[in-house]
Amino acid sequence: MVDLVIKNGLIVTMDKEHRIIANGSVGVEDGRIVSIGRRIKVEGKPEETIDAKGKIVMPGLICSHTHLYRGFLRGAPLKIEPPTDFSQILQRTWWPMDEAMTREDAYASALISCLGFVKTGTTLFADTFSGPNAITGVLDRIAAAVEQSGIRGIIAFEATERRTHAEGAKGTRENERYIRKIKKERTSRVRGMFGIHASFTVSEELLRYVRELASRYKVPITIHTSEGLVDLYHNYERFGRRTVERLCDAGLLGADVVLAHCVQVNDDELDIIKRTNTKVAHNPMSDMLNAVGIAPIAKMLSMGISVGLGNDGYIFDGFENIRAAFLLHKIALRDPRAISPMEALEMATIRGAELYGLENELGSLEAGKLADIIIIDPATAPTPIRPESVVGHLVNTITGNDVETVIVGGTAVMRERKLLTLDEQETVKVARKAAEKLWQKLGAIRR
Ligand SMILES: [Zn+2]
């Protein structure tokens, strides 16, 4: 028997044909989509029916690169000399924060960030956490928050050797520990992967070791790559290679590797990325915030490189990130055709799934796939919402606040804007208390 039917919706499937179905229905059974179309056959009375008349039905958004804990620095009045470049941003802002993080901060920040994802329609994300004083066991605390929220996450500790080699080994051990643990619990919505901070903070040995482990456990690897010039200069100076060339020489690259950012990459490096079927997570809003430059995304798309959309821990509303990706490359290339509305949407859905090898399970609404579905109420849209206009509206009109219902694996986590898994007031209270303490540690506010 069908558990759930969503009927009368304007369905944006994000399937290969980019099918858009007016007055369409989706049938869900045991957490998966069993039927989708203008008319679907349903035997017996479904347990639940949602009338999506006048609403948009689409796959849950996928955030390909985030740092849940970074939400804690939002608005922090840090008393630091204003950084003049990306290296100083890392040294003066992020690295002191990393060192101040505790396991409970990791939990509280994950919870509030997941709340942000739920409310704005993101149902899967890939996160890396960094905190040298909260390594062992931290992934269990982050996973607990994700499980509580009801959405899906791929999580990792961000291994780095910026202080000691032992720290890199310990971070990698935490990933291995969590991956082994998760393998036993196959039903979990939270998966593991290997995270490496960036090539300029790790040795050749660590790159090779992580590659070996990822192949052994069959999980993805993610690494910040040529986000700022520091990565490029470091590799030039020490290895006589550009960043992607060095990663390739170390044997790291492949279809299971997601390179975050790829701002400072040239055509030769793009050829390597394409040839090795390596994936890219684009973070337009964070790249703007950190003033690192503009990644050649339009070129990557024209080459057939898989590009997903991330927020890098900055703005958790996926629709804002979609809009940023849609706009940024137009100004960069002075070409309004640079990224189409459909390409921008694909980055936040099916391509995101592709990045982590989940394209047969998630990223589009098709029979057989997991039922991660969002329903959007475009009540305030100023012009008609029709099959011909809906993609334009999703990119130019809709915000996360228009997301009304969020379903993950057939189970609603938000229904008509009512949160079903998290207590918003309590989550905000816990997060603010933990963030206040962290700000005190960082000297941003008085005790
Ligand atoms: Zn990042």
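Residues numbered from 1 in each chain as written. Predicted model: local features only at pLDDT ≥ 70, side-chain atom pairs only at ≥ 80, totals over all residues. Heavy atoms only, no water.

Time to look at the overall build of the protein chain. Of regular secondary structure, the protein chain possesses 15 helices and 18 strands. Taken over C-alpha atoms, the radius of gyration comes to 21 Å for the protein chain, in line with the 22 Å a tight globule of 447 residues would show. Principal-axis analysis of the C-alpha atoms gives the protein chain an extent of 65 × 50 × 45 Å. Counting over 447 residues, the protein chain shows a buried share of 60%. Pairs at least 24 apart in sequence give 74% of the contacts found in the protein chain among residues at least 6 apart. Put simply, the protein chain shows about 18400 Å² of open surface, and 49% of that area lies on carbon and sulfur atoms. Each charge sign in the protein chain was given a centre, from 59 positive and 58 negative side chains, and these centres are 2 Å apart. (Helix = DSSP H or I, 4+ residues; strand = E, 2+ residues; numbered from the N terminus. Rg over C-alpha atoms; globule rule 2.2 N^0.38 Å. Buried < 20%, exposed > 50% of the residue type's maximum accessible area, 1.4 Å probe, protein only. Contact = heavy atoms within 4.5 Å. Areas by Shrake-Rupley, 256 points an atom, 1.4 Å probe, with all protein chains shown as cover. Lys, Arg positive; Asp, Glu negative; His and termini not counted. Charge placed at Lys NZ, Arg CZ, Asp CG, Glu CD.)

Right, let's get into the coordination of the zinc ion. Protein ligation of the zinc ion involves H65 (NE2), H67 (NE2), H224 (NE2) and D312 (OD), the donor distances falling in the range 1.9 to 2.1 Å. Geometry at the zinc ion is irregular, judged from the four donor atoms that bind it and their angles of 91 to 157° at the metal. When the donor residues of the zinc ion are listed from N- to C-terminus, their spacing reads H-x1-H-x156-H-x87-D. With H224 in strand β11 (residues 221–225) and D312 in the loop between β14 (307–309) and α11 (318–333), this pair connects stretches of sequence that are 88 residues apart. By the burial criterion, H224 is buried, and D312 matches it. (Donors = N, O, S within 2.8 Å, 3.2 Å for Na, K, Ca; no water. Tetrahedral: all angles 85-135°; square planar, octahedral: opposite > 155°, others 65-115°.)

Turning our eyes to something else, we now look at the packing of helix α2 (residues 103–120) against helix α15 (residues 424–441). Between two packed helices, what matters for the description is the angle formed by their axes and the separation of those axes. Where α2 meets α15, the closest approach of the two axes is 9 Å, and the angle between their N-to-C directions is 135°. Taken as axis vectors, α2 and α15 run oblique relative to one another. You can see that α2 and α15 cross each other, and the crossing is left-handed. For the pair formed by α2 and α15, the contact residues are D105, A108, L111, I112, L115 and K119 on the first element and E424, T427, V428, V430, A431, A434, L438 and K441 on the second. Taken together, the residues of the contact of α2 with α15 break down into nine nonpolar, one polar and four charged. (Axes fitted to C-alpha atoms, helices over the stretch in contact; angles between N-to-C directions. Parallel < 35°, antiparallel > 145°, perpendicular 65-115°, else oblique. Left-handed = near helix turned anticlockwise from the far one by under 90°. Nonpolar A, V, L, I, M, F, W, Y, C, P; charged D, E, K, R; others polar.)

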